Amino acid sequence: LRFQAWNGIAYGSSAIQYFTYEHADFAWGTAILDKNYAKTEKYYYAQRLNAEIQGLADVFVGMNVKRVRGISRSETGLPALAAGELPAPFKSISTTSPQGMLMSYFSNGDKEYVMIVNLDYNNPQTLNVEFDGERPTEFVTTTEYPSMFGTRAAVKSREVPPGDMVLYRIK
């Protein structure tokens, strides 16, 4: 679910649709609602993800995507991040995972953001970033209140969970 939602948002999607919301056929596995319309474990995953997305609505609603690029090796067919395409204050962004990552550079009003999505939905990846000058602001959520985001100075290396993202405000 996270992989689908964050990738869609990284490309500028204004809506998220969950496939197999209700249980139509056992061939698709467990849905968000079972055949009796009772909530399944996936319902609570979707509920938490929706809270996170809503917590960042002021960042995403009305966003204008400037470019989406692949970082390191990517099987997705994304154009690779080329020299000179990183917005300031990023000096470099890398990972050693074979799946690679996705970088979305977008604006919303007078603010600019960089979103990095782990393209491996099965394994975490280490994200390494270098900055030229002041570090951007990194958004962080709490496990207790997923709709409430705090901020901190960006860290240079962090593990990004499977299919998850890291969001930076750079301006």
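See the structure above.
This section reports on the structure supplied with the text.

Before going further, it helps to examine helix α1 (residues 2–10). Inspection of α1 places Ala5, Trp6, Asn7, Ile9 and Ala10 among the buried residues, and these make up the whole buried set. Following α1 by one or two positions, Gly12 adopts a phi angle in the positive range, close to 100°.

This paragraph deals with the packing of aromatic side chains. Here the structure, examined in full by the defined rule, presents eight aromatic pairs. With 5.4 Å between their ring centres and 50° between their planes, Phe90 and Phe131 make a pair best called tilted. Highlighted residues: Phe90 in strand β2 (residues 90–94) and Phe131 in strand β5 (residues 125–131), separated in sequence by 41 residues. Each member of the pair Phe90 and Phe131 is classed as buried. Three or more aromatic residues joined by ring pairs form one cluster here, namely Trp6, Phe60, Phe106, Tyr113 and Phe139.

Burial within strand β9 (residues 165–169) is extensive, with four of its five residues counted as buried. Sheet topology places strand β4 (residues 111–118) next to β9; five bridges connect them, and they run antiparallel. Following the sheet pairing, Val114 is matched in β9 by Tyr168.

Of all hydrophobic cores here, the largest spans 26 residues; its most connected members are Trp6, Val59, Phe60, Phe106, Met115 and Leu167. Residues Ile71, Val114, Ala154 and Tyr168 belong to the second largest nonpolar core, which totals 17 residues.

For the rest of this paragraph, the subject is the pattern of salt bridges. According to the stated counting rule, one finds six salt bridges in the structure shown. Among the salt bridges present, the one from Arg2 reaches Glu52, with a minimum N-O distance of 2.8 Å. Here Glu52 lies in helix α2 (residues 41–55) and Arg2 lies in helix α1, a separation of 50 residues in the sequence. For Arg2, a relative accessible area of 23% gives the class partly exposed. Across the pair Glu85 and Arg69 runs a salt bridge, and its minimum N-O distance is 3.0 Å. You can see Glu85 sitting in the loop between β1 (64–71) and β2 and its partner Arg69 sitting in strand β1, a full 16 residues away along the chain.

What follows concerns α2. An ideal rise of 1.5 Å per residue puts 21 Å on 15 residues; α2 measures up with 22 Å between its terminal C-alpha atoms. For α2, every residue scored as buried is listed here: Tyr43, Ala46, Leu49, Ala51, Glu52 and Ile53.

With that out of the way, let us pick up the packing of α1 against α2. Running from N to C, α1 and α2 point in directions that differ by 20°, and their axes come no closer than 11 Å. If you check the angle between α1 and α2, you find them roughly parallel. With respect to the hand of their crossing, α1 and α2 are arranged in right-handed fashion. Contacts from Arg2, Ala5, Trp6 and Ile9 of α1 reach α2 at Leu49, Glu52 and Ile53. Taken together, the residues of the contact of α1 with α2 break down into five nonpolar, no polar and two charged.

A cis amide bond links Ala88 to the next residue, Pro89, at an omega of 10°. Among the structural elements, Pro89 can be located in the loop between β1 and β2. One non-glycine residue, Tyr37, adopts positive backbone phi at about 65°. Following the sequence through the fold, Tyr37 ends up in the loop between α1 and α2.

The next subject is the sheet that holds β2. A sheet is described by the order of its strands in space; here three strands give the open sequence β2-β5-β8, paired in antiparallel fashion. Lying at the two open borders of the sheet, with one neighbouring strand each, are β2 and β8 (157–160). Strand after strand, the sheet turns through a mean of 25° between neighbouring axes, direction not considered. Pairing geometry for β2 and β5, over four bridges, is antiparallel. Opposite Phe90, over in β5, you have Phe131 as the bridge partner.

Rules of the game
Throughout, a residue's number is its position along its own chain's written sequence, starting from 1. In keeping with the predicted nature of the model, local features appear solely for residues at pLDDT of at least 70, side-chain atom pairs appear and are counted solely at 80 or more, and the whole-chain, interface and lining totals rest on all residues. Each side-chain value is worked out from all heavy atoms of the structure, with water and hydrogens disregarded. Think of it in three bands: with a 1.4 Å probe and only protein chains considered, a residue is buried below 20% of the maximum accessible area for its type, exposed above 50%, and partly exposed in between. Numbering of helices and strands runs from the N terminus; a helix is a DSSP stretch of H or I covering at least four residues, while a strand is a stretch of E covering at least two. Two rings from Phe, Tyr or Trp (for Trp, the six-membered ring) form a pair when their centres are within 6.5 Å of each other. A pair whose planes differ by under 30 degrees is stacked, one over 60 is edge-to-face, and the rest are tilted. Whether two strands pair comes down to DSSP finding at least two bridges between them. Residues belong to a common nonpolar core when they are buried Ala, Val, Leu, Ile, Met, Phe, Trp, Tyr or Cys residues joined through side-chain atoms within 4.5 Å. Basic side-chain nitrogens of Lys or Arg form a salt bridge, by our definition, when they fall within 4 Å of a carboxyl oxygen of Asp or Glu. Expected span of a helix: the number of residues minus one, times 1.5 Å. Comment: axis = line fitted to C-alpha atoms, over the contacting stretch for helices; angle = value between 0 and 180 degrees taken between N-to-C directions. Any angle that is under 35 degrees is reported as roughly parallel, and any over 145 degrees as roughly antiparallel; angles of 65 to 115 degrees are reported as roughly perpendicular and all others as oblique. Helix crossings are classified by the rotation of the near helix relative to the far one: an anticlockwise turn of less than a right angle makes the crossing left-handed, while a clockwise turn makes it right-handed. Whether two residues are in contact is decided by their heavy atoms, any of which lying within 4.5 Å being enough. Residue type decides the class: Asp, Glu, Lys and Arg count as charged, Ala, Val, Leu, Ile, Met, Phe, Trp, Tyr, Cys and Pro as nonpolar, and the leftover types, Gly among them, as polar.

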